[in-house]
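For reference, the chains in residue letters:
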Amino acid sequence: MNAIVSRRILGSSISDTPEYFRYPDEIRDRFVATDDIEFRDGSRVTATEIWDYLTTVGPVKFPNLYDLSSLYGNRLSQDVTLPTTLKHNYLLMTMHDRMTRARAQGHPIVFVQGGQSVDPYYAAGAIALRPASTGIWARRQREGLSRNQEELEGRADKQKAYNAISFEVCNSAGYEHIQEGTVPADMVAPFTALRCSDVSYGTEAHRHGPRAKEVKLLLVDYPLDHQKDKDWSIRYFADNLRRLTRNIDELTGRTTTEDDLAREIKLHNEGRRLSIELADLWWSADQPPTNGKDRRDLFQLGGMELHGDPVASLSILREARRVIEQRVKDRHLAKGVQKDAARLFVCGSCVFPNDYRTEEAGGIIVGNDNHWSDITTLVDESGEPYHELARAVLSYPYEQPLKDRARWTVEQIKKSRTDGVLFLYKWGCNTQSAIARLLVDEIKAQTGIHTIIIEDDMTRTQTEQLQNRVNAFIEMVS
Amino acid sequence: MALKTLDIIARKLVERPAVLASERAAGAKVVGFQGYTLPEEVILALGLIPVRIGLGGSDRLVELGGRYISTKNCVYVRETVGLFADNTDPYIVNGDLFAFDATCLQAYRTAEVIQYYFNNGVIILGVPRNFYLPEAHTYFTAELSNFVGKLEAFSGVTLTPERLADAIKVYDDIRTEILAIYDYQAVLNPVISWEQVYDVIQAGFVLDRREYLDLLRALHAELRALQGEPVVGRHADEARLFISGSVIPPGDKKLITIIQEQGGRIVGDDLWTGLIPHLGVVIAEPTLEALAYAYLHRTPHGALPYLDLETDGRIKRLKSLIQHYQANGVVYHTLRYCDPYTFKAKETKDILEKFGVPLLELHTEYAGSDIEAIRTRIEAFIEMIKVKAELGEAA
């Protein structure tokens, strides 16, 4: 009865009998001829196997992901000729299976935060997962759910965390999954004070959860205030990184060497370089060569952490580099994106407007600072690896004093030929909201382009308000 | 019974802005500061005048500050920014330099906002979150040394061991006197209330530190003359409340007033603006290394995460203070968006429940709109404690 009422009120696009997306058969031959995905353990999956999974297994296990509602910002991209988006989706759909297998093979699961490099975790043989990844892992354990059912269960999960920590926690950061054991993390060890203050307090909260004695806790302490210019800050952070690998070693029983870290840095640097090249290519195109969601997914792969397997992420990035280059040459305009769309750059904390609806309104998100500043920071491979990694991490532009952060942001805005800047922050995000006004004022002073500050709520209760403002902004800057 | 020294302190507070202005006119420099892990000793040692800035309780200043920093920051932070935007508070107007530490990350952001919008000279002291580790001590010593270097350049004075030793002595004596005075408010029939002691502590934020020490000594002597050595004790039917949680700065009397109106007696606190900064500061020698160690190893601020519940010094301190002041209930005050303390509310409640002490969390701002709601909850909490106390006594 309630479902019927909902349909009447809200329209068929979010009903219990939604329209589902299918990958069209006519693209199969072209897709199966594309690259395999290689994994860290040396195994591979072919494009044929991926196709079979996405067209037969995926729709049964995770019908919610195939929901076509335009209100669903995370729905599968309709750009079916972009092979890497299919592969990315495959990796996310198989998150639970892959991570469970990897853990059974002796790789501890370590919870981290977004926007940080994960080189040392992998060097020590662990798998580093940020909140988005742990959330995906938890959700992929529930099969056969519609989008509405999945969303309701997700909200119930969050409520558990709010009860255990605080209703003002901006994002419970996987607390509920880790403490309930749905995501069997062995360790919580994020970088502190980076992007977000809740991460430190959220880590501390694990000390009173039901799995408190099973989950090892460590903070990799990120010193603040001109940290990149202070030798003692770099030494301190390098010591924290060494402590991190020692702690992971206690879980694995092995000893992580400097060579291990140096090798991992090299691998991750390749990912970061590829992402930077991809971005330069993407931004150089007359018209957007992919939609906004695919752009974001591709750019973020350089963080090498989203799939829980850096080698797999790298595999996709290498292929994406070629595909995007070709699209730019072909002057390809991505499906769903309007010609001469208003180009928006998103600053702030980890929230985003719905890419598809933004594109329907005549805009496109062409870049963002969060999950990008870390990727644009390469680690010098010639020096002592802990020291060089510390030096690089402490120089993330997003974490610098305001003027320096603004200078870097303006560079990205210029490179991406942005028409307007959205500063979005999540409700309860004290750290990014505090400097929202400063940053946009400084950007405006340096570039003269339009800016807007919007607060969002990750529980999606304010989605329409957010989108309404974004659409009005697009209208203004177009 | 009126205490003469309290009247003198009140008068000194009224006179202080004019005194500061005249000292500045004579060449003295004032350093306004905010922070928990910021050793005030170094400011005094360099011949600068330390003034702890920050007020609470003003909706107007909160609104004003929120125009620069966001409405998702706690009201204390917003009001601090509002003070700079308003620029009429004598301690802001008379500030020559402002120093913040990064204990609370919102305070760190406040420093950035102030520097950007109001062109004030601002210096920041980084604070390690892993404060208990040896490498944190090394880092913080270097950070403190860098901070002192900036103060030296600003003051034109070099920090010598002698200067530092003198300043440490002043602060050690202040801490000793405050601890001694604090006990008097918790005795059976006190001549000084907790609120008066709290006000005395906060008077020390702005008064000349040496003069303040003399006033504390005078107050202590006055109390000793009236009541002898203090013996903490309680009446059977008393609701003796301990206040924990977020900062309650000068100007914010909402919660304190409601508790007292409802018949509760506050007998202790572990607030950043109250007793806690004065506890457990052991400076072994007049060096920056020792100063850094002492500040990192006193009772940790809630904004500094500690990952082992069993050995958490903040929890241990809370329990020992509750016992010492014979409190039978805790009012856990959290300001909206004060994550350091809000995140710990349920955990602290669970811990104290096992300890046999009930905890009431009150989540509030400076606005008056929730006064009645708070009053109702406080009234019920006090009633419950009194009934429990009486039943316990009868048993």
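Residues numbered from 1 in each chain as written. Chains lettered and ligands numbered in written order. Predicted model: local features only at pLDDT ≥ 70, side-chain atom pairs only at ≥ 80, totals over all residues. Heavy atoms only, no water.

Peer 1: Before we go on, may I ask you to explain the overall build of chain B in this structure?
Peer 2: Within chain B, the secondary structure is distributed over 16 helices and eight strands. What you see for chain B is a C-alpha radius of gyration of 21 Å, in line with the 21 Å of a compact globule of 395 residues. With respect to the three principal axes, the spread of C-alpha positions in chain B is 65 × 50 × 45 Å. With 395 residues in all, chain B has 61% of them scored as buried. Look at the contacts in chain B between residues 6 or more apart in sequence, and 76% of them connect residues 24 or more apart. Carbon and sulfur atoms make up 53% of the accessible area of chain B, which amounts to about 14100 Å² in all. (Helix = DSSP H or I, 4+ residues; strand = E, 2+ residues; numbered from the N terminus. Rg over C-alpha atoms; globule rule 2.2 N^0.38 Å. Buried < 20%, exposed > 50% of the residue type's maximum accessible area, 1.4 Å probe, protein only. Contact = heavy atoms within 4.5 Å. Areas by Shrake-Rupley, 256 points an atom, 1.4 Å probe, with all protein chains shown as cover.)

Peer 1: Just to check I follow, could you spell out the pattern of salt bridges for this structure?
Peer 2: Here the idea is simple: oppositely charged side chains can pair when their charged atoms come close. Throughout the structure, instances matching the rule amount to 76 salt bridges over all chains. Across the pair Lys160(A) and Glu180(A) runs a salt bridge, and its minimum N-O distance is 3.2 Å. One end of the pair, Lys160(A), is in helix H8 (residues 147–164); the other, Glu180(A), is in helix H9 (residues 175–180), and 20 residues separate them in sequence. By relative accessible area, which is 38% here, Lys160(A) ends up partly exposed. According to the relative accessible area criterion, Glu180(A) is partly exposed, its value standing at 46%. Its salt-bridge partner being Arg207(A), residue Asp312(B) comes within 2.6 Å of it at the nearest N-O pair. Of this pair, Asp312(B) sits in the loop between helix H12 (288–296) and helix H13 (313–324) while Arg207(A) sits in the loop between helix H10 (198–205) and strand S6 (216–217), on two different chains. When salt bridges that share partners are traced, they join Arg142(A), Glu153(A), Asp157(A), Lys160(A) and Glu180(A) into one network. (Salt bridge = Lys/Arg side-chain N within 4 Å of Asp/Glu carboxyl O.)

Peer 1: I tried to follow the sheet that holds strand S5 (residues 240–245) of chain B on my own but got confused; where do I start?
Peer 2: Two strands in a sheet stick together by hydrogen bonds in their backbones, pointing the same way (parallel) or opposite ways (antiparallel). Residue and element names in this part refer to chain B. As summarised here, the arrangement of the four strands in space is S6-S5-S7-S8, forming an open sheet in which the pairing is parallel. Here the strands that pair on one side only, and so sit at the sheet edges, are strand S6 (265–269) and strand S8 (359–364). For this sheet, the mean inter-axis angle between neighbouring strands, taken without regard to orientation, is 30°. In this sheet, S8 lies alongside strand S7 (residues 329–335) in parallel orientation, the contact comprising six bridges. Bridge pairing in S8 places valine 331 opposite leucine 360. (Pairing = 2+ DSSP bridges. Axes fitted to C-alpha atoms, helices over the stretch in contact; angles between N-to-C directions.)

Peer 1: Help me understand the interface of chain B and chain A, please; the structure alone is not making it clear to me.
Peer 2: Interfaces are often sized by the amount of accessible area the parts lose when they come together. Contact with chain B, which involves 52 residues of that partner, is made by 51 residues of chain A. In this assembly, chain B packs against chain A so that about 4300 Å² is buried in total across both faces, 56% of it on carbon and sulfur atoms. Considering only the surface of chain B that becomes buried against chain A, Tyr116(B), Leu307(B) and Phe343(B) emerge as the three largest contributors, covering 18% of it. Taken together, the links from chain B to chain A amount to seven salt bridges. Inspection of the chain B/chain A interface yields 27 residue pairs in polar contact (both at pLDDT 80 or more). (Buried area = accessible area lost by both parts, 1.4 Å probe. Polar contact = N/O pair within 3.5 Å; in protein donor to acceptor, adjacent residues only side chain to side chain.)

Peer 1: Looking at this model, I keep getting lost on the environment of Lys415(A). Mind explaining?
Peer 2: All names here are of chain A. Mapped onto the fold, lysine 415 is located in helix H17 (residues 402–415). Judged by relative accessible area, which is 43%, lysine 415 ranks as partly exposed. The spacing of lysine 415 and serine 395 is 20 residues in sequence and 20 Å in space, taken between C-alpha atoms. Those residues in contact with lysine 415 that sit more than four places away from it in its chain are Asp280 and Trp283.

Peer 1: Explain the sheet that holds strand S9 (residues 420–426) of chain A to me, please; I cannot follow it from the model alone.
Peer 2: Residue and element names in this part refer to chain A. In spatial order, the strands read S8-S7-S9-S10; together these four strands make up an open sheet with parallel pairing. Two strands close off the open sheet at either side, each with one partner strand: strand S8 (363–368) and strand S10 (450–456). With direction set aside, neighbouring strand axes in the sheet form an average angle of 30°. In terms of strand pairing, strand S7 (residues 342–348) meets S9 through five bridges, oriented parallel. Its bridge partner lying in S9, glycine 348 is registered against leucine 424. Sheet strands touched by helix H19 (residues 436–447): S7, S9 and S10. Its angle to S10, the strand with the most contacts, is close to 165°.

Peer 1: Just checking my understanding: could you explain the environment of Val45(A) for this structure?
Peer 2: Residue and element names in this part refer to chain A. Position of valine 45 relative to the elements: it lies in strand S2 (residues 44–45). Relative accessible area serves as the criterion here: at 6%, valine 45 is assigned to the buried category. Residues valine 45 and glycine 144, 99 residues apart in the sequence, show an inter-C-alpha distance of 24 Å. With near-sequence residues (within four places) excluded, valine 45 lies in contact with Asp36, Ile37, Phe39, Ile50 and Tyr90.

Peer 1: Just checking my understanding: could you explain helix H6 (residues 105–118) of chain B for this structure?
Peer 2: Within an α-helix, residues lying three or four positions from one another point in the same direction, as the helix has 3.6 residues per turn. All names here are of chain B. If you check H6, its first and last C-alpha atoms are 20 Å apart, about what 14 residues at 1.5 Å a residue would give, namely 20 Å. Within H6, 11 of the 14 residues are buried, leaving the element largely enclosed by the surrounding structure. Among the residues making up H6, those that are buried are Leu105, Gln106, Ala107, Tyr108, Arg109, Thr110, Ala111, Glu112, Val113, Ile114 and Phe118. Just downstream of H6, asparagine 119 is the residue with a positive phi angle, here 55°. (Expected span 1.5 Å × (residues − 1).)

Peer 1: Explain the packing of helix H8 (residues 161–184) of chain B against helix H10 (residues 209–227) of chain B to me, please; I cannot follow it from the model alone.
Peer 2: Any two packed helices are characterised by the angle at which their axes cross and by the distance between the axes. Residue and element names in this part refer to chain B. Here H8 crosses H10 at 30°, and the two axes come no closer than 9 Å. Taken together, the axes of H8 and H10 are roughly parallel relative to one another. Classified by chirality, the crossing of H10 by H8 is left-handed. Here Val170, Tyr171, Asp173, Ile174, Glu177, Ile178, Ala180, Ile181 and Tyr184 of H8 lie close against H10, whose contacting residues are Arg209, Arg210, Tyr212, Leu213, Leu216, Arg217, Leu219, His220, Leu223, Arg224 and Gln227. Of the residues belonging to the contact of H8 with H10, the class tally is 12 nonpolar, two polar and six charged. (Parallel < 35°, antiparallel > 145°, perpendicular 65-115°, else oblique. Left-handed = near helix turned anticlockwise from the far one by under 90°. Nonpolar A, V, L, I, M, F, W, Y, C, P; charged D, E, K, R; others polar.)

Peer 1: Even after reading the chapter, I still don't get the packing of aromatic side chains, so can you show me in this structure?
Peer 2: We describe a pair of aromatic rings using the distance from one ring centre to the other and the angle between the two ring planes. Residues and elements named next belong to chain B. Counting across every chain of the model gives 26 aromatic pairs over all chains. Taken together, a centroid distance of 5.1 Å and an interplanar angle of 85° make the contact between phenylalanine 131 and tyrosine 132 edge-to-face. You can call tyrosine 132 partly exposed: its relative accessible area is 27%. Both rings, one in tyrosine 132 and one in tyrosine 306, keep their centres 5.0 Å apart while their planes meet at 80°; by these two values the pair is edge-to-face. (Phe/Tyr/Trp six-rings, centres within 6.5 Å; stacked < 30°, edge-to-face > 60°.)

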